[in-house]
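# A look at the structure
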Amino acid sequence: MLIVHALLEVASHPEYDIASMTFNFWHNLQINLIERDSYLSFGNEASIEAERNRRLLVFRSSYESLVSLVSFRVQYPQDYADLSKEDLKDFKLTRYDVADVLIDAALVLGGEAALKILYMKLVEAVASCGNDELSEWRTEAEVMPQIMSLLPKLPHQPQLLQTVCLTIGAYSKWLDAASSGLSFLPSVIDILVSGMSMSEDSAAAAALALRHICDDWGKRLCGSLDGLFHIYQRAVIGEGTFKVSAEDSLHLVEALSIIITELPSDHAKKALEALCLPAVTPLQDIINQGPLVLGQATARELTVHIDRLANIFRYVNHPEAVADAIQRIWPIFKAIFDLRAWDMRTMESLCRACKNAVRTSKRFMGITVGAMLEEIQGLYKQHHQPCFLYLSSEVIKIFGSDPSCANYLKVLIESLFSLTTCLLTKIQDFTSRPDIADDCFLLASRCIRYCPQLFFPSVVFPSLVDCSMIGITVQHREASNSILTFLSDIFDLANSSQGGHYLSIRDSVIIPRSASITRILVASLTGALPSSRLETVTYALMALTRAYGVKALEWAKEIVSLIPSTAVTEVERSRFLQALSDAASGVDINALMVPVEELSEVCRRNRTVQEIVQGALRPLELNMVTVS
């Protein structure tokens, strides 16, 4: 306790940099006090609970002091308006750090006890503003109503109003659950509207708070839709005094979308039209001015509206209404696709909107999805935008098993994959365009799961396997993981419901390449990829071993024998091969990680050894070894 009291002294130091040195200690102590693992040695549940309560009591007063000591750190400084951008950023981070300490304290004290300490400080602060209409403290259960009663009485000063709006957002679930919550709602909405007019920061906090309230109140706000629409239109169209930024207006889009989801279908369609209108109208205006204006507009002029539509399509959960909306809007989207396909930022925004529409509408979108796929298939030939691949992934997930879509999906995937494999012919191509590699192999994995009947018999399947072998060792994490997952999905084909039908096709492609695949995977384990990828590479190698059993063990034995004895001992070699043998027998992969990690560490122990191993395995040479 002497140490704890000394650290409380440090936490009270006026210099934040010194006081904050204790924050990790309070966090780690909280974990030790709260987590069950700390008490396992006490045996039965009753003993564990008794000891836990005893320890919490010992440290209770220390954490109560801590709440009082750190809470003043979040107070805005006198010279706040004059702070540099860097100082403002530091102050924001300070508030986040203090928030974490307060959460640690609340976990030890209980939420209400921590809230009581902060509430009493709020009472003192309001009293110092000359407000004498304060409720006396009664019971802990009443703390939140008293806080909500105080909020409208606080001065409308920009930083204070921002904090009040953040508080409302943080306690939106309480407002929803409390019996008195409804009575506070009008005053809370008034505060949020004031926040939207005060400053950009308070507007951001207010928009987020309104989103939380709509999320938690849902159906009960359907009767207030007209009022919410009025707030939305003022913010999005820029009428009046609102200072909501384009990014923060997305919270309002989500808020209205959540309420529209609660409406009956016929009302939802009309409300959805009204919600889309402020985003659709400016896009139509730009298009109406002709191709030159559309081509020369900045990406921002377009994406600010497209992003709103993307969020609408994501959060309005009325599949048929969203399908109708995207069908109406499609001519606008097509015009932008046709004239802006070179513009990655606009294409990503547009594909996100289309992806959300596909995800929400599913089969209701059948009419529009064909036109959409035809569009991106044609444009991908000239403008190799990765987002065209991830939009196709979403379509495959929804429509892959639909026989009526089989013909155009087959043409789509063959076109996209044949073009992509031509773009990725050497490791340098993967390094310079990891986004294309990542989205290409994510799409390929989706095809294995959702339309194996189109994918495996396709002429592009062997080319994609060859392409994956070139790119396994790309250093970009997501691209490498997508490639390794694609290979694992091929090796695990027998585990999928339809996979058995395509095993002979798979084997005809994999077995002739098996030695090279094994060599590249072993090279990846032993240094060609960072050790952080070890688990993903190991899974792929184990999946290959499970799929091909004794054959795979022969391939691995041949490959591991290439590593010189100066790098790996016979014992390490045999342990690794035994782990693969156990994997082939069905032993859980997690139980086999130790010998794999051992081989990996030994081969990476210094640069000289790593170069020897990689020189022996040569992962960038696809056809170095032939194993029968």
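No experiment lies behind these values; they were computed from the predicted model shown.

The rules behind these values
- Residues numbered from 1 in each chain as written.
- Predicted model: local features only at pLDDT ≥ 70, side-chain atom pairs only at ≥ 80, totals over all residues.
- Heavy atoms only, no water.
- Salt bridge = Lys/Arg side-chain N within 4 Å of Asp/Glu carboxyl O.
- Helix = DSSP H or I, 4+ residues; strand = E, 2+ residues; numbered from the N terminus.
- Buried < 20%, exposed > 50% of the residue type's maximum accessible area, 1.4 Å probe, protein only.
- Core = buried A, V, L, I, M, F, W, Y, C linked by side-chain atoms within 4.5 Å.
- Contact = heavy atoms within 4.5 Å.

### Overview of the pattern of salt bridges
- Under the counting rule described, the total for this entry stands at 28 salt bridges.
- Taking the shortest distance from any N to any O, the salt bridge between Asp 216 and Lys 173 comes out at 3.1 Å. Residue Asp 216 is found in helix H11 (residues 200–217), and its partner Lys 173 is found in helix H9 (residues 172–177); the two are separated by 43 residues along the sequence.
- For Asp 216, a relative accessible area of 17% gives the class buried.
- Given a relative accessible area of 58%, Lys 173 falls into the exposed group.
- When the shortest N-O distance is used, the salt bridge between Arg 220 and Asp 176 registers 2.3 Å. One end of the pair, Arg 220, is in the loop between H11 and helix H12 (225–237); the other, Asp 176, is in helix H9, and 44 residues separate them in sequence.
- Exposure remark for Arg 220: the relative accessible area of 47% places this residue in the partly exposed category.
- With relative accessibility at 27%, the residue Asp 176 sits in the partly exposed group.
- What you see here is one network of salt bridges that share partners, running through Glu 51, Arg 54 and Arg 55.

### Looking at unusual backbone geometry
- Phi at Lys 362 is positive, roughly 50 degrees, even though this residue is not glycine.
- For Arg 618, which is not a glycine, the phi torsion comes out positive at approximately 40 degrees.
- Within the secondary structure layout, Arg 618 lies in the segment after helix H32 (607–617).

### Structural notes on the nonpolar core
- Phe 313 and Phe 333 are the most contacted members of the largest nonpolar core, which totals 181 residues.
- For this core, the leading source of residues is helix H29 (residues 534–560), giving 13 residues.
- If sequence neighbours within four positions are ignored, Phe 333 has contacts with Leu 309, Phe 313, Ile 326, Leu 350, Ala 353 and Cys 354.
- Leu 8, Leu 56, Val 67 and Val 101 belong to the second largest nonpolar core, which has 23 residues in total.

Just geometry here; none of it tells us what the structure is for.
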